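# A look at the structure
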Amino acid sequence: MTPTLYRAAFMHTPFNAFQNEGALHVQQDGGLLVNGGTILASGEFSALRAAHPTARVTELRGGVLLPGFIDTHVHYPQVRIIGGLGRPLLDWLEHVTLPEEARLSDSAYARAVAQDFLHGLRCNGTTTALVFGSHFKGAMDIFFEEAAQTGLRTVAGQVVSDRLLRPELHTTPELAYAEGKALIERWHGVGRARYAVTPRFSLSASEGILEACAALMTEFPDVHFTSHINENVAEVQTVRELFPGHLDYLDTYERAGLLGRRGVLAHSVHTTDRELGQMAAHRCSAAHCPCSNSALGSGLFPLRRHLNAGVHVALGTDVGGGTGFSMLKEGLQAYFMQQLQGRDGLPLTPAHLLYLSTRAGAEALDLHDQIGDFSAGKAFDAVWLRPPAGSTLAAILNHAGSPSETLAALFANGTQADVAQVWVGGEEVYARPADPLRDESGKQSPVLAS
Ligand SMILES: Nc1nc2[nH]cnc2c(=O)[nH]1
Ligand SMILES: [Zn+2]
């Protein structure tokens, strides 16, 4: 196969930006030589062109090419309820979220929601996501089928709970184990899909169901684990009352044997020092969801405390508690929330924001040998940000004084409208329609049609 040489201004963070001052790598006139979906060489365009004169050149000049975004916490059944503002977590779950999640028992509805959800990811440049699934096994089979159609990388699992939600969302430890096993055997490692064992949160889980989750992880040791932790003070207090013999929230997962290198705990806003020490000891990650934490009034994420304790942190949109799929917006909100914490906050640079929204996610998912940056050997998962002519962002980028300023402007101003093209494993998974009032299939915007 003839390799393709992509010519673009590109930026990536092949190293941890919290540990390495030189983590941001920039090529103003860069080249990425790609064959069979894998980056063979990464560097200056002119040098790569000279070394590979027969490669087919794809011109991506104008705009900036970044590694595909990696969202480490996002809920598939919640795409249609984004924007339910004005309620704290438990109230929002009861009145907004769980009624919608119950609708996914209908297969046709679940398929339509899966399509909306996956479209939301790819048109925002997200190429890999750790997806909180549905409570219904049928809706998960549908999700994995639809994800395979789009070509996105997904790590996803059926959500399990057996108390305090609503009866139609409850399962039993036996059924949770049986359905989880069937889903893992059918989907884990098939194409770009992977499985994550997913108890919703300890508030809605008996010890029996956490044990069923642990049994799956013992039987299938390379699957992932994800759940929520320490998001909201009322939630934390309820978990304390439901698990009186446990030390704290983390202990409910820890004692069940659920924590490890492939564990991702979402939110972690009200986490104690003991919990941070144990999260680091188990090498699990925190998914920071700043838009959701702001929208639900959950609190200010203690980033500095996590990093000082040695806990790895990545970024999640938490759709639909969060406000959308854009990892640019999520990065900006992460920056804001550190700014608001004064001396306790960690001032985030543009390099930090790029790292958090790409490579840090790959590390959280233990996939950093395959994705997360543009080093040779990685898959070509990429997002080409090219603001429309006449947009404010185009004006800013035309006058940016340095790559760091360009990156800051992308996070401060970039939206879905700036995403021109997206690839996963070298395959195009999204191209911006020429007419912004029509989607890729030519269908007109419903606001105009009605
Ligand atoms: N943000 C958020 N927190 C949760 N805790 C338990 N379920 C959820 C959910 O759907 N969203
Ligand atoms: Zn969540």
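Throughout this description, residue numbers start from 1 for each chain and increase along the sequence as written. Whichever chain is written first is A, and whichever ligand is written first is 1; the rest continue in order. At least 70 in pLDDT is required for a residue's local features to be given in this predicted model, at least 80 for side-chain atom pairs to be given and counted, and no such filter applies to totals for whole chains, interfaces and linings, which use all residues.

For clarity, the cut-off: UniProt positions are given in the numbering used here, feature names are shortened, and annotations may be inferred rather than shown by experiment.
Where an unreviewed UniProt entry is consulted, the protein appears under the name Guanine deaminase, with the organism given as Deinococcus radiopugnans ATCC 19172. Recorded in UniProt for the protein, the comment headed Pathway (unreviewed entry) runs: "Purine metabolism; guanine degradation; xanthine from guanine: step 1/1." Looking at the Catalytic activity (unreviewed entry) heading of the UniProt record, one finds this comment for the protein: "guanine + H2O + H(+) = xanthine + NH4(+)".

### Points about the overall build of the protein
Let me state the cut-off plainly: Going along the chain from the N terminus, every DSSP run of H or I of four or more residues is numbered as a helix, and every run of E of two or more is numbered as a strand. Every radius of gyration here is taken over C-alpha atoms, with the globule rule written as 2.2 Å times N^0.38, N being the number of residues. Buried, partly exposed and exposed are defined by the number of other C-beta atoms within 10 Å of a residue's own C-beta, namely 20 or more, between the two limits, and 12 or fewer respectively, with C-beta atoms placed from the backbone.
Looking only at helices and strands, one finds 17 helices and 17 strands in the protein. The globule rule puts the C-alpha radius of gyration for 450 residues at 22 Å, and the 21 Å found for the protein is close to it. Its C-alpha atoms give the protein principal-axis dimensions of roughly 65 × 50 × 45 Å. Classification of the 450 residues of the protein by burial places 53% in the buried group.

### Some points on unusual backbone geometry
A cis amide bond links valine 319 to the next residue, glycine 320, at an omega of 5°. At histidine 267, a residue that is not glycine, the phi angle is positive and equals roughly 85°. Checked against the element boundaries, histidine 267 lands in strand β12 (residues 263–267). Judged by the 29 C-beta atoms lying within 10 Å of it, histidine 267 is buried. Despite not being glycine, aspartate 366 shows a phi value in the positive range, around 60°. Among the secondary structure elements, aspartate 366 is positioned in the loop between α14 (359–364) and β15 (382–385). Overall, aspartate 366 belongs to the partly exposed group, with 19 C-beta atoms counted inside 10 Å.

### Quick word on the nonpolar core
Note the cut-off: Buried Ala, Val, Leu, Ile, Met, Phe, Trp, Tyr and Cys residues form a nonpolar core when they are connected through C-beta atoms within 7 Å. Delimitation of the domains relies on an automatic or database domain assignment. With C-beta atoms placed from the backbone, a contact is any residue pair whose C-beta atoms sit within 7 Å.
Formed by 139 residues in total, the largest nonpolar core has its most connected members in Phe143 and Cys213. The two domains that each donate at least three residues to this core are domain 1 (4–67 + 373–431) and domain 2 (69–364). Setting aside its immediate chain neighbours within four residues, phenylalanine 143 contacts Tyr76, Ala114, Gly133, Ser134 and Ala156.

### A look at the site of ligand 1
Applicable threshold: Whether a residue is near a molecule or strand depends on its C-beta atom, generated from backbone atoms, being within 6 Å of that molecule or strand. Charged residues are taken to be Asp, Glu, Lys and Arg, nonpolar residues to be Ala, Val, Leu, Ile, Met, Phe, Trp, Tyr, Cys and Pro, and polar residues to be all remaining types, Gly included.
In the region of ligand 1, the neighbouring residues are His75, Leu89, Leu93, Thr97, Arg200, Phe201, His228, Glu231, Ser292, Asp318 and Gly321. Looking at which element gives the most residues to the shell around ligand 1, the answer is helix α2 (residues 89–102), with 3 residues. In terms of residue class, the shell around ligand 1 is made up of 3 nonpolar, 5 polar and 3 charged.

### A word on the confidence of the model for the protein
The criterion, for reference: A residue's pLDDT is the confidence the predictor assigns to it, expressed on a 0 to 100 scale.
A residue-level look at the protein finds 99% of positions with pLDDT of 70 or above and a mean pLDDT of 97. For this predicted complex, the interface score ipTM comes out at 0.99, alongside a pTM of 0.98.

### A short note on the packing of helix α13 (residues 350–357) against helix α16 (residues 403–413)
Put simply, the rule is: An axis is simply a line fitted to the C-alpha atoms; with a helix, the fit covers only the stretch in contact. Between two such axes, the angle follows the N-to-C directions and lies from 0 to 180 degrees. In these notes the angle categories are as follows: under 35 degrees is roughly parallel, over 145 is roughly antiparallel, 65 to 115 is roughly perpendicular, and the rest is oblique. A crossing counts as left-handed when the near helix is turned anticlockwise from the far one by less than a right angle, and as right-handed when that turn is clockwise.
At their nearest, the axes of α13 and α16 sit 9 Å apart, and the two run at 55° to each other. Accordingly, the angle class assigned to the pair α13 and α16 is oblique. Considering how the two elements wind past one another, α13 and α16 form a crossing that is left-handed. Between α13, through Pro350, Leu353 and Leu354, and α16, the contact on the second element is made entirely by Ser404, Leu407, Ala408 and Phe411. Here the residues of the contact of α13 with α16 sort into 6 nonpolar, 1 polar and no charged.

### Topic: the UniProt feature "domain: Amidohydrolase-related" (unreviewed entry) in the protein
In this numbering, the UniProt entry assigns the feature "domain: Amidohydrolase-related" (unreviewed entry) to residues 64–429. Regarding residues 64–429, the helix share stands at 43% and the strand share at 17%, and the terminal C-alpha atoms are separated by 18 Å.

### With respect to helix α9 (residues 273–282)
Every α-helical turn comprises 3.6 residues, leaving residues that sit three or four positions apart pointing alike. The condition is simple: Working note: the arc is built from the helix axis to C-beta atom directions.
Turning to α9, its buried residues number three or more, namely Glu275, Leu276, Gln278 and Met279. End-on, the buried residues of α9 take up no more than an arc of 165°, which puts them together on one face. On its buried side, α9 packs onto α8 (249–255), β12, β13 (285–288) and α11 (303–309). Phi for arginine 283, located one or two positions after α9, is positive at around 60°.

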